[in-house]
Amino acid sequence: MELFPIQILFLVVLMNRYILGPLMRRVRGDQFDATNDAYEPTVAIIIPLFNEGEGIYHAIRSLLLQDYPPDKLSIVVVDDCSKDDSYVWALKAAEQHPNVMVMRNPENMGKRKGINRGVRATQSEIIVSVDSDVIVDRGAVRQLVRRFLHPRIAAVGGRTYVTNRHQNWMTRMIEIKFHFAQEWLKDLERGFRSVMCLSGCLTAYRRHVLEELEPILEARSIAGVAIKYGEDRFLTRQIIKAGYETIYTTAAVCFTATPANIAGYFAQQLRWRRSNLVDMLGGLSHAWRLHPVVAVHYVSQFGLLLSYPVVIVHNILTGEFWDILAMHVLTVGIMGFIYRWETRHLPDDQRVPGLSFLPMALMMPITYALFSPLALLTLDSGSWETRGVPRECGHTGPQRHFPHASPAAEGLST
C-alpha cells in the first residue's frame, strides 16, 4: 500500500504522542513541566494592533484582570496605523488605568517591529506578546512566568483555544486541527525544550533576549522587501539558534476566534504556508545544532511540506486523486476518533464532534496543491494580507491621557 505524506505525518506524530512523548516525561520526571512560584518579575504585556475594532477593547480588559500583582504588570498597545476604529477602542479600554499605554506607529511597520517599539517603551524583565484578537485567561501570565526556571529558558508559550468552535463546520474542523497542532506536534519538541514555533497569541520572553536579537528581527527581508508575516516562527527559531531554550505549557490559556468562511481560511493558510516555507528553509542552516531527535522531526516536516503538493498534483494527473482522497478520509476519520477520546473529559460546550474533522480530508490536499506553489511565488510579500495596509498614520507616540477618547463621539457603543 502506498503511503501518502498525510499518512506518514500521522504515523510520525502518533509515535511522538504515545511513545516518545511519554518517554520524555518519564526521563525528565518532575522537570518536564517544572515551575518556580518564587519568581515574580515585572511583566509588560505588548499587544500589536491592526484593524481589530472592538476586539482590542475586550483583549485589554481581559489582561487587566490577570492574577498578577498590578504594580508589577503593565500593558502596552502598539497600533500599526489601523484604518478602522481600533485606536479609539484601545484608548477607551485604557481609560483610568495608568498601567496601560497606547501608542501609534508613524507608519505601518509590521507586527515584529511594533513589538520591538513596545519593548523599548518599558523596562520590564519579562515581555508577554499577546495578539489583539485574543482573550487571555486570568491565570495565564502567572503560568507563563513561573516556568522561567533558569536563565537559558528564554521563551514560554501558552495554549490557544477556539472561541467560535461551534459556529459552523469550518470552525469545528479548525478546533480539532488546533488540538493536534498543539497537543501533538509540540509534544516532542517541548520534551527537549526546543519548541520551534511559539504562537504570538500568548508567549512570554526574557527582555534581554529580545534586545539581543532586535537587529536580526528588524532587518528581516527577502530580496530587499521587508517581511511582515511569520514573525512568531522566525523569532522562536532565532532564540533557539542563539542557544536558548523554548518551553510550551498547556497551563497558560488564551482564546481566539478563527476564520469561519472559505476566504478567511484560505488567506490564513497562504500566510502560514509562506511562513513555514521561509522559516524551515532558513532553519536548515543550523538544524544540526538541535538535539538529533528534534532535528529529524524538524527536517521531516519540511520534507513533507515540499513533497505533499507534488504527490497531490501527481495523483490528479494520473487519475488517482480519488484513491488519495479515500486514504485522507480514513486517516482523518481515525484522527477524529482520537480527538474525541482525548477530549472525553471536557464538557460538551468545550469540544466538538470527532466527525467534524472529516472536511480536512478534502481541505488539506486543496490548500497544499494551490497554496504551496503560490506561497513560493510570493515569498517577498510584505503585507498584513487580508487587512489592508495604510501608508502612514496621523497622530503618533505614547498616549497616557485620553482627552479625545470618547467612543460615543465616534458613533461607538460600549
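What you see is a predicted model; the values in this text were computed from it and never measured. (Residues numbered from 1 in each chain as written. Predicted model: local features only at pLDDT ≥ 70, side-chain atom pairs only at ≥ 80, totals over all residues. Heavy atoms only, no water.)

J.: When you look at the overall build of the chain in this model, what are you seeing that I'm missing?
T.: The number of helices and strands found in the chain is twelve helices and eleven strands. When burial is assessed residue by residue, the chain has 56% of its 414 residues classed as buried. A separation of at least 24 residues holds for 85% of the contacts in the chain among residues at least 6 apart in sequence. Of the roughly 17900 Å² that the chain leaves accessible, carbon and sulfur atoms contribute 59%. (Helix = DSSP H or I, 4+ residues; strand = E, 2+ residues; numbered from the N terminus. Buried < 20%, exposed > 50% of the residue type's maximum accessible area, 1.4 Å probe, protein only. Contact = heavy atoms within 4.5 Å. Areas by Shrake-Rupley, 256 points an atom, 1.4 Å probe, with all protein chains shown as cover.)

J.: Explain the nonpolar core here, please?
T.: The tendency in soluble globular proteins is for nonpolar side chains to be buried side by side. M173, F180, Y265, L290, F357 and M360 are the most contacted members of the largest nonpolar core, which has 42 residues in total. Those elements giving two or more residues to this core turn out to be α6 (169–191), α9 (262–283), α10 (292–317), α11 (321–342) and α12 (360–377). With residues up to four places along the chain from it excluded, the contact list for M360 reads M173, K177, Y265, V332 and P365. Judged by nonpolar contacts, the second largest core, of 40 residues, contains L49, Y68, L144 and L202. (Core = buried A, V, L, I, M, F, W, Y, C linked by side-chain atoms within 4.5 Å.)

J.: Help me out: how do you make sense of the environment of H166 in this one?
T.: Here H166 shows up in the loop between β6 (153–162) and α6. Taking relative accessible area as the criterion, H166 reaches 40% and is therefore assigned partly exposed. Sequence separation between H166 and P353 is 187 residues; the distance between their C-alpha atoms is 9.9 Å. Once residues lying within four places of it in the same chain are set aside, the contact partners of H166 are T171, R172, D348, D349, Q350, R351 and V352. Within the structure, H166 has its side chain in polar contact with the backbone oxygen of D349 (distance 3.0 Å). (Polar contact = N/O pair within 3.5 Å; in protein donor to acceptor, adjacent residues only side chain to side chain.)

J.: Is there a simple way to think about the packing of helix α8 (residues 231–241) against α9 in this case?
T.: Angle between the axes and distance between the axes are the two parameters that describe a pair of packed helices. Relative orientation of the contacting elements α8 and α9 amounts to 15°, with a least axis distance of 9 Å. The orientation of α8 relative to α9 falls into the category roughly parallel. Like other packed secondary-structure pairs, α8 and α9 cross with a definite hand, here right-handed. Contacts between α8 and α9 involve R233, F234 and R237 on the former and, on the latter, S275, N276, D279, M280, G282 and G283. Looking at side-chain class alone, the contact of α8 with α9 contains two nonpolar, four polar and three charged residues. (Axes fitted to C-alpha atoms, helices over the stretch in contact; angles between N-to-C directions. Parallel < 35°, antiparallel > 145°, perpendicular 65-115°, else oblique. Left-handed = near helix turned anticlockwise from the far one by under 90°. Nonpolar A, V, L, I, M, F, W, Y, C, P; charged D, E, K, R; others polar.)

J.: Is there a simple way to explain the pattern of salt bridges in this structure?
T.: If the charged atoms of two oppositely charged side chains come close together, the side chains can form a pair. Considering all chains together, one arrives at 14 salt bridges under this definition. In this structure, the salt-bridge partner of E175 is R165, at a minimum N-O distance of 3.5 Å. Of this pair, E175 sits in helix α6 while R165 is found in the loop between β6 and α6, placing the two residues ten residues apart along the sequence. The closest approach of N and O atoms between E211 and R207, which form a salt bridge, is 2.9 Å. (Salt bridge = Lys/Arg side-chain N within 4 Å of Asp/Glu carboxyl O.)

J.: Before we go on, may I ask you to explain the side chain of E342 in this structure?
T.: Positionally, E342 belongs in helix α11. Among the polar contacts listed, one links the side chain of E342 to the side chain of W184, at a separation of 3.2 Å.

J.: Honestly, the pairing of strand β7 (residues 202–206) in this entry has me stumped. Any pointers?
T.: For a regular strand, the rule is simple: side chains alternate between the two faces of the sheet. Within β7, five of the five residues are buried, which leaves it mostly tucked inside the rest of the structure. Where burial is concerned, the two faces of β7 agree: the one with L202, A204 and R206 and the one with T203 and Y205 are both buried. With five bridges joining them, strand β4 (residues 126–130) and β7 adopt antiparallel strand pairing. Bridge assignment links I127 to a residue of β7, and that residue is Y205. Two strands pair when backbone bridges link them, and β6 and β7 are joined in this way by three bridges, in the antiparallel orientation. Across the sheet, residue V156 finds its bridge partner in β7, namely A204. (Pairing = 2+ DSSP bridges.)

J.: Can you help me understand helix α4 (residues 111–120) in this one?
T.: The α-helix winds at 3.6 residues per turn, so residues separated by three or four positions along the chain end up facing the same way. Within α4, eight of the ten residues are buried, which leaves it mostly tucked inside the rest of the structure. The complete set of buried residues in α4 reads K111, R112, G114, I115, N116, R117, G118 and V119.

J.: What is the right way to read the packing of aromatic side chains from this model?
T.: The description of an aromatic ring pair uses the distance of the two centres, along with the angle that the planes make with each other. Applying the stated criterion to the full structure yields eight aromatic pairs. When the centroid spacing of 5.1 Å and the interplanar angle of 70° are considered together, the rings of F266 and F371 count as edge-to-face. Note that F266 is positioned in helix α9 and F371 in helix α12, a separation of 105 residues in sequence. On the basis of relative accessibility, which here comes to 9%, the residue F371 falls in the buried class. (Phe/Tyr/Trp six-rings, centres within 6.5 Å; stacked < 30°, edge-to-face > 60°.)

J.: I keep staring at the UniProt feature "transmembrane region" (unreviewed entry) in the chain and nothing clicks. Help me out?
T.: Residues given the UniProt feature "transmembrane region" (unreviewed entry) here are residues 247–267, 298–317, 324–341 and 361–379. For the annotated span residues 324–341, helix accounts for 100% and strand for 0% of the residues, and the straight-line distance between the end C-alpha atoms is 26 Å. (UniProt positions renumbered as here; feature names shortened; annotations may be inferred.)

J.: Would you mind going over the confidence of the model for the chain with me for this structure?
T.: Any region with low pLDDT has predicted coordinates that should not be read closely. Put simply, the chain has an average pLDDT of 83, and 83% of its residues get 70 or more. Under a pLDDT of 50 for its full length, residues 396–414 has, in the predicted model, 32 contacts with residues more than four places off or in other chains. (pLDDT = per-residue confidence, 0-100.)

J.: Explanation requested: α6 in the structure shown.
T.: The end-to-end C-alpha distance of α6, which contains 23 residues, comes to 33 Å, matching closely the 33 Å that a straight helix rising 1.5 Å per residue would cover. A large share of α6 lies buried, amounting to 18 of its 23 residues. Of the residues flanking the start of α6, the one acting as N-cap is N168, its side-chain oxygen 3.0 Å from the backbone nitrogen of M170. (Expected span 1.5 Å × (residues − 1).)

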